[in-house]
Structures are given as C-alpha cells and as structure tokens.
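What the coordinates show
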Amino acid sequence: MGTALVYHEDMTATRLLWDDPECEIERPERLTATLDRLRQRGLEQRCLRLSAREASKEELGLVHSPEYVSLVRKTQVLGEEELQALSGQFDAIYFHPSTFHCARLAAGAGLQLVDAVLTGAVRNGLALVRPPGHHSQRAAANGFCVFNNVAIAAAHAKQKHGLHRCVPGWLQGCGPRRHSKGRHRWILIVDWDVHHGQGIQYLFEDDPSVLYFSWHRYEHGRFWPFLRESDADAVGRGQGLGFTVNLPWNQVGMGNADYVAAFLHLLLPLAFEFDPELVLVSAGFDSAIGDPEGQMQATPECFAHLTHLLQVLASGRVCAMLEGGYHLESLAESVCMTVQTLLGDPAPPLSGPMVPCQSALESIQSARAAQAPYWKSLQLQGQCGQVLGCRIPPQAPCSGYDSELSLDVTPVLTSPSTHSPEGRPPPLLPGGPMCKAAAPAPAPSSLLDQPCLCPAPSVRTTVALTAPDITLVLPPDVIQQEGSALREETEAWARPHESLARKEALTALGKLLYLLDGMLDGQVNSGIAATPASAAAATLDVAIQRGLSHGAQRLLCVALGQLDRPPDLAHDGRTLWLNIGGKEAAALSMFQVSTPLPVMTGGFLSCILGLVLPLAYGFQPDLVLVALGPGHGLQGPHAALLAAMLRGLAGGRVLALLEEDSTPQLAGILARVLRGEAPPSLGPSSVASPEDVQALMYLRGQLEPQWAMLQVRLIAEAWLCPGARLCRRGRWGGQGRASEC
Ligand code: X5A
Ligand code: ZN
C-alpha cells in the first residue's frame with residue numbers, strides 16, 4: 001500500500017494583487033518550489049499521483065454556511081478594488097478571481113486523500129494545497145484560509161463512516177466503536193502549523209469523536225491571532241471536554257527536542273488512549289527553522305520524526321494537508337521529509353542536543369495539567385501519592401552504581417558549550433531565515449550527526465532466519481539472507497562464550513554477524529536474526545561488541561526478558577543498556593537501566609513513551625539492537641509497536657534478535673514494521689497497574705537529572721504526591737542539586 005500525493009497546478013493561480021505586507025508571504029511559489037524539490041528527490045515519482053478535484057457545494061456545506069460559500073463564489077467576478085474591499089472585512093485575507101476555484105480544489109484534494117486512504121487504495125498521503133484551511137470558520141475567511149480543508153475532510157470521513165459502516169477494507173471493525181463513556185472514537189487532528197487553528201477548534205469543540213491537538217506560537221497571547229482560547233486551559237466544551245488540546249509556545253526558538261518532547265509526553269499518551277481510526281495532519285511548516293512567521297528552530301528532519309511517531313496510530317492511516325510554511329527552502333525540505341516518511345523511509349537522525357528548554361517544559365506541563373482530568377494516561381503520577389505513597393526505598397536497587405560514570409559521560413551528551421545560560425541550544429541561524437545553507441553547527445558529538453547512512457542502503461530489511469516456513473509470513477520485498485560470516489571469524493567471536501560452543505548457536509551467530517556487517521557497511525538498513533534461547537545473552541553480547549568495534553558510535557540495546565547485562569560492557573557511555581523484564585526497577589548508572597515488563601497495555605505504553613523513547617532520543621544512537629530474550633512475554637502487537645517506534649532512532653538501523661523457536665508470525669510482524677509498515681493497533685488501552693506506575697516513577701526520579709528528555713512534570717503532582725518531588729530529584733543529585741532521596 002502506497003502513499004498518495006494530491007495536487008493540481010491550478011492552485012498556483014491565486015495570489016495577492018495589491019500591497020499587503022501581512023499577506024504577501026502566502027504566494028504561488030510555495031507550491032511550485034515544494035513540488036520541484038519533491039521531483040528532484042525522486043519522491044513525487046514514488047507516490048500515487050492524484051489530480052485534485054473541486055469540492056462540491058454540499059461538501060463545503062459540511063462545515064461552512066451556504067451564505068458564506070456563495071459570498072466566496074461571487075469573488076470570481078469581482079474587480080480588483082472590490083476584491084480588496086471584501087478582503088478587508090476579514091483578518092489577514094486576500095481574495096483573487098481564482099480564489100474560489102483554488103479553495104474548492106484545496107478542499108477537494110483533502111476529500112480525495114481521505115477517500116483514497118479510507119478505501120484502502122493507499123496507506124497514507126499528502127495533499128499539497130493553497131489556500132490553506134485551518135483558520136477558516138463556518139462563515140469567515142481568516143489568516144490566508146478560505147475553506148477549512150482539514151475540517152471538511154474530517155466531517156466527510158465521519159459522515160462516510162456513518163454511511164458505510166461495513167465497507168470491507170476501510171473499517172474492519174464495522175460500526176463505530178464506543179468510548180468507555182459511550183462516545184464514538186474517530187479522528188485525531190494534529191495541527192503542527194505554528195499558528196493556532198482556531199477554525200478547527202471552533203468547529204469541533206463539543207465533538208468527542210474528533211480530538212484536536214494544536215501547538216502554536218502564543219507568547220502569552222501576544223502573537224496572532226491573539227486569542228484567549230488558544231491557551232492550554234481551552235480543553236473543549238460539553239461532550240467534547242478534553243478533546244481539544246492546546247499547547248501554547250510562550251517563546252520563539254522551539255526546536256527538535258521541544259517538539260519531540262511534546263509528542264512523547266503530551267500528544268501520544270492521549271492519542272493512544274483515544275485510539276483514532278484516522279489521523280489528519282494540519283501540516284503547516286511555518287513551525288520549521290527559518291520561517292519568518294514562526295521563528296522556531298526545528299530542522300526539516302524533525303518533521304520526519306513527527307510523521308513517524310504519528311504512523312504508529314490508526315494502522316498508519318495518516319492524511320497530511322499543507323497549511324502554512326513561508327520559507328521556501330525550509331518548506332520544501334520539510335515537505336520532502338514528511339513525504340519520505342509517509343513512503344516508509346526511515347527518519348534521518350536529529351541533530352543538535354536533545355534538551356527541551358524550560359519554557360517548553362512549562363508549556364507541556366500546563367497542557368498536561370489542563371488535560372489530566374480527562375485522560376487516564378496523564379493521571380499516572382497522581383497515583384504515586386495515593387496508591388503507592390512514595391515509599392520506594394531509594395538505596396536498594398542502586399547498589400553497585402559507579403559514581404564516576406555520570407561525571408565522566410554527561411558532558412558528552414549535553415556539552416555546556418553548546419548551551420546558552422537558560423540551557424537551550426543557541427540559535428542555529430543567527431543571520432536570519434536561511435535553511436540548509438546555514439546547516440546546524442556541529443553538535444557536541446558531530447560523529448552522531450553523520451552516521452553512515454549516505455547513500456541510503458539498497459536493502460531496507462533483511463531477515464537472517466533459519467525456519468523453513470518463514471517465507472510464508474514475510475512481505476515480498478524483505479530479503480532472506482543466505483550468507484554467513486567466515487567460520488574462523490565466527491569462532492573467534494564465540495570462543496569466550498560457553499553457550500556459543502554448540503553448532504546451532506555458532507551457525508546462528510555466523511548469520512547474525514553477516515547481517516550486522518551488512519548494516520554497519522550501509523548495505524542493509526534493518527534486519528532480524530535468531531539464536532537458540534540458551535545462547536541469547538552471549539549472542540547479544542557479541543553483537544554489541546561487534547557493533548561498537550565496527551563503526552557504531554553509540555549503541556542502544558533494548559533487551560526484553562531475562563537477559564543479563566553483559567558483564568564486560570564498557571563504562572564509556574557508548575552503550576545504553578535497557579532491560580525490560582528485569583525483576584525490579586533499577587538504574588545502575590544512567591546507561592544501564594532495568595525495569596520489569598509492564599503488566600498492562602497502559603503500562604507498556606507509558607514505559608515506551610515515558611522512558612524508552614526519551615532515553616533513546618536523548619542518547620541519539622547510530623545502531624539499535626532489540627532482543628526478545630527468554631521469557632520476554634511480549635505479544636506480537638506490543639513487540640511490533642516497540643520495534644516500530646525504535647525505528648525512529650539511528651536512521652532506522654535496527655537489528656531485532658529473536659529466539660529460534662519464536663513463532664514465524666512474530667518474525668513476520670517484526671519484518672513488516674522494520675521495513676516501514678504500521679504496527680497493528682493495540683486497541684483500547686488499559687490503565688497502567690500500580691506496579692507499572694511505581695517502576696516508571698522510580699526510574700524517572702533516578703534518571704531525570706541526567707536525561708533531559710525525561711523531564712516532565714505535572715502541576716497536580718505537587719499536591720497529589722508531595723513526596724514525588726524529592727524522589728524525582730534523583731539520588732545522584734544531578735545538575736548540581738543535593739541528593740534528597
Ligand atoms: C495558514 C497560516 C497564517 C496567517 C498569519 C497572519 N496562516 N498574520 O499559516
Ligand atoms: Zn501557520
């Protein structure tokens with residue numbers, strides 16, 4: 001299943017005919033420059049090209065009043081002066097004789113995209129449109145927007161859903177599933193444009209079947225459109241309480257770490273709990289670096305990550321529609337990143353230190369606090385005081401901690417020299433808007449920014465498995481590896497390990513080493529290998545050593561089940577060892593973390609979003625090993641979700657290690673997500689168990705001082721759990737504070 005690109009060149013026709021400094025940035029070159037770049041990169045050619053059609057009067061009427069639609073229709077025959085006079089009646093709007101046609105094409109493009117995805121013709125797609133839509137209201141144009149393209153698409157999808165409950169292929173579930181409170185679950189709208197899509201908010205604020213998330217430049221209300229209802233405490237009305245999520249940015253300069261933190265700690269917990277069946281993206285790129293409106297710092301690659309993170313929802317049914325984006329270079333590059341990711345390519349690694357700024361953390365915190373009454377996934381911390389009483393003995397699990405470690409290694413991750421006094425990276429573009437030319441200054445560890453990913457590996461996913469029936473479950477373009485590493489070489493690696501003496505273990509190791517070399521040499525992007533259960537720990541040990549000695553600078557190892565940390569793991573900060581399935585939560589150091597396997601799906605999700613991914617994004621590995629060891633206890637869909645999300649790291653260079661007697665189904669599902677397919681939905685998520693919460697809280701408290709991406713606080717926490725603050729400070733007294741636990 002492919003990716004649709006919906007476009008029509010007529011949408012380049014509308015343009016500003018008079019002088020208006022506010023509106024002049026919304027110009028035809030936005031589309032032509034973007035399309036040129038998509039062609040140059042060969043991305044357009046990989047998509048299913050759809051020619052946009054005009055939305056009908058009825059379709060526009062799903063959202064707009066008939067009077068407003070006919071008002072816009074009449075602009076077709078107005079002269080320049082009349083157009084200018086009418087434009088003046090709205091805020092930040094220009095009309096052109098072609099506006100009506102363009103705006104109907106823009107809305108129609110969104111409808112076509114949603115239809116293509118919901119009928120199963122494609123998995124996902126992008127509509128490249130002008131004019132944009134998210135500011136437009138029932139009877140008003142606003143902020144360059146004439147018809148609300150995304151809102152019309154959402155209303156259409158809902159209506160279609162009602163009409164075609166049992167159409168096979170686009171809704172296997174048949175009929176609206178019910179929320180726990182008896183509501184429909186349906187559409188998630190993610191508005192990553194830098195402006196608040198107040199138009200979408202107004203249209204769905206009392207509708208619990210549409211979850212609307214928007215982040216936006218706000219500056220405490222001093223930025224356009226200057227609305228009180230853009231703040232975090234606007235959470236929807238009536239039935240729709242908790243289904244409007246606003247994240248106001250109160251400073252400019254938000255960057256990759258801030259955006260990713262907002263997704264991990266706010267949007268994604270709610271999105272998984274909401275469990276949408278369709279994701280619409282108000283994809284404005286004025287939130288990217290160089291844009292004159294946004295003044296933000298997120299690099300184009302960040303949009304690959306945002307797209308990637310959304311693709312784990314709704315079985316990957318993501319429909320993105322262009323909104324803003326006014327720096328042509330930054331816009332074109334960011335759109336390419338989005339389309340590339342929709343096509344299933346791995347996201348390029350993010351550059352720069354992954355340290356969210358204080359202002360961003362405060363914004364995320366206030367949005368979480370405002371939403372907490374409506375979402376179980378945000379109520380975790382509250383249970384600390386109530387259920388757990390914060391009675392975690394801090395010393396016990398931490399014996400053996402090497403106190404030199406964090407002193408030695410922390411500076412590598414967050415070099416003080418790259419930070420301004422408030423702890424945020426310096427602006428990347430001091431001279432003003434210019435995207436690629438002023439490439440980000442070398443990060444503290446510049447080797448991280450250039451893992452050997454260029455040119456792209458010719459093979460996306462390779463499977464080195466022995467089971468004969470494996471072919472049956474593999475997608476057609478996953479390569480089955482025949483080769484093995486040289487025998488002497490394999491034996492040399494195996495020699496120190498008793499468990500690798502057996503022939504089967506040795507054979508499996510040879511295959512794994514061959515696959516790993518293919519990945520390290522850049523021929524293969526990701527892969528799956530297997531090992532006899534008895535040799536799992538030793539094989540993983542060898543894989544780590546081999547990875548580190550063959551070009552990986554930083555290796556993330558996520559070990560599930562009973563897999564002990566290799567005894568000779570070097571303490572040099574190049575390996576982050578994360579064991580899920582340990583007996584207890586323990587952080588031996590900031591690079592060696594162990595946590596029990598969460599019992600509930602809700603706990604599993606908060607473990608991934610609240611611990612694994614923040615550590616992983618903070619660490620910025622260039623190789624990821626994920627091992628499903630003895631007793632890992634993960635069901636297929638959970639394993640698939642973990643693998644899919646880890647694929648966002650290291651440019652998708654992920655090697656999964658399974659036990660030989662794993663089911664072919666497990667291998668199949670992992671192969672599919674590693675090559676870029678969406679993981680299956682986990683279904684309605686349960687709450688985390690008290691034990692899950694306890695483990696997560698404890699590790700957060702220990703690790704937060706060292707790993708900035710973990711930082712997230714909840715206002716409510718202060719009064720729900722007075723002890724939590726002390727626990728969270730961590731026993732190593734990070735960031736210069738005295739240890740309190
Ligand atoms: C779609 C969009 C911005 C309007 C800004 C007016 N509109 N100052 O980005
Ligand atoms: Zn915008």
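As a reminder, the structure under discussion sits directly above these lines.
Definitions and cut-offs
- Residues numbered from 1 in each chain as written.
- Chains lettered and ligands numbered in written order.
- Predicted model: local features only at pLDDT ≥ 70, side-chain atom pairs only at ≥ 80, totals over all residues.
- Heavy atoms only, no water.
- Helix = DSSP H or I, 4+ residues; strand = E, 2+ residues; numbered from the N terminus.
- Buried < 20%, exposed > 50% of the residue type's maximum accessible area, 1.4 Å probe, protein only.
- Contact = heavy atoms within 4.5 Å.
- Areas by Shrake-Rupley, 256 points an atom, 1.4 Å probe, with all protein chains shown as cover.
- Near = heavy atom within 4 Å.
- Polar contact = N/O pair within 3.5 Å; in protein donor to acceptor, adjacent residues only side chain to side chain.
- Nonpolar A, V, L, I, M, F, W, Y, C, P; charged D, E, K, R; others polar.
- Pairing = 2+ DSSP bridges.
- Right-handed = clockwise from strand over helix to strand, strands pointing away.
- Donors = N, O, S within 2.8 Å, 3.2 Å for Na, K, Ca; no water.

This paragraph deals with the overall build of the protein. The number of helices and strands found in the protein is 23 helices and 17 strands. The burial tally for the protein puts 65% of its 741 residues in the buried class. Restricting to contacts in the protein with at least 6 residues of sequence separation, those with at least 24 account for 78%. A total accessible area of about 26,000 Å² is found for the protein, and carbon and sulfur atoms account for 53% of it.

Here we take up the site of ligand 1. Taken together, 15 residues lie near ligand 1, and Glu 22, Gly 143, His 195, Asp 286 and Tyr 326 sit nearest. Side-chain polar atom of Tyr 326 to an oxygen atom of ligand 1: 2.5 Å apart, as the coordinates give it. In the complex, 98% of the free accessible area of ligand 1, which totals 310 Å², lies under the protein chains. The residue makeup of the shell around ligand 1, split by class, is 6 nonpolar, 5 polar and 4 charged.

The next thing to look at is the pairing of strand S2 (residues 48-51). Consecutive side chains along a regular strand alternate between the two faces of the sheet. As defined by bridge partners, strand S1 (residues 2-7) adjoins S2 across 4 bridges and the pair is classed as parallel. Bridged to Tyr 7 within S2 is Ser 51. Each parallel crossover has a hand, and for S1 linked through helix H1 (residues 29-40) to S2 it is right-handed.

Extensive coverage of strand S16 (residues 623-628) is indicated by the burial of 6 of its 6 residues. A two-sided burial pattern is seen for S16, the buried positions comprising Leu 623, Leu 625 and Ala 627 on one face and Val 624, Val 626 and Leu 628 on the other. Here strand S12 (residues 555-560) pairs with S16 via 6 bridges, running parallel. Note on S16: the bridge partner recorded for Ala 559 is Ala 627. Both S16 and strand S17 (residues 654-659) contribute to a ladder of 4 bridges, which runs parallel. Within the sheet, the bridge partner assigned to Ala 627 lies in S17 and is Leu 657. At this point the chain moves from S16, through helix H19 (residues 636-646), to the parallel S17, and the crossover so formed is right-handed.

Another point: the coordination of the zinc ion (ligand 2). Every protein donor of the zinc ion (ligand 2) is listed here as Asp 193 (OD), Asp 193 (OD), His 195 (ND1) and Asp 286 (OD), and their distances to the metal cover 2.0 to 2.6 Å. Taken in sequence order, the residues that donate to the zinc ion (ligand 2) follow the motif D-x1-H-x90-D. In this structure His 195 comes out as buried when scored by relative accessible area, which is 4%.

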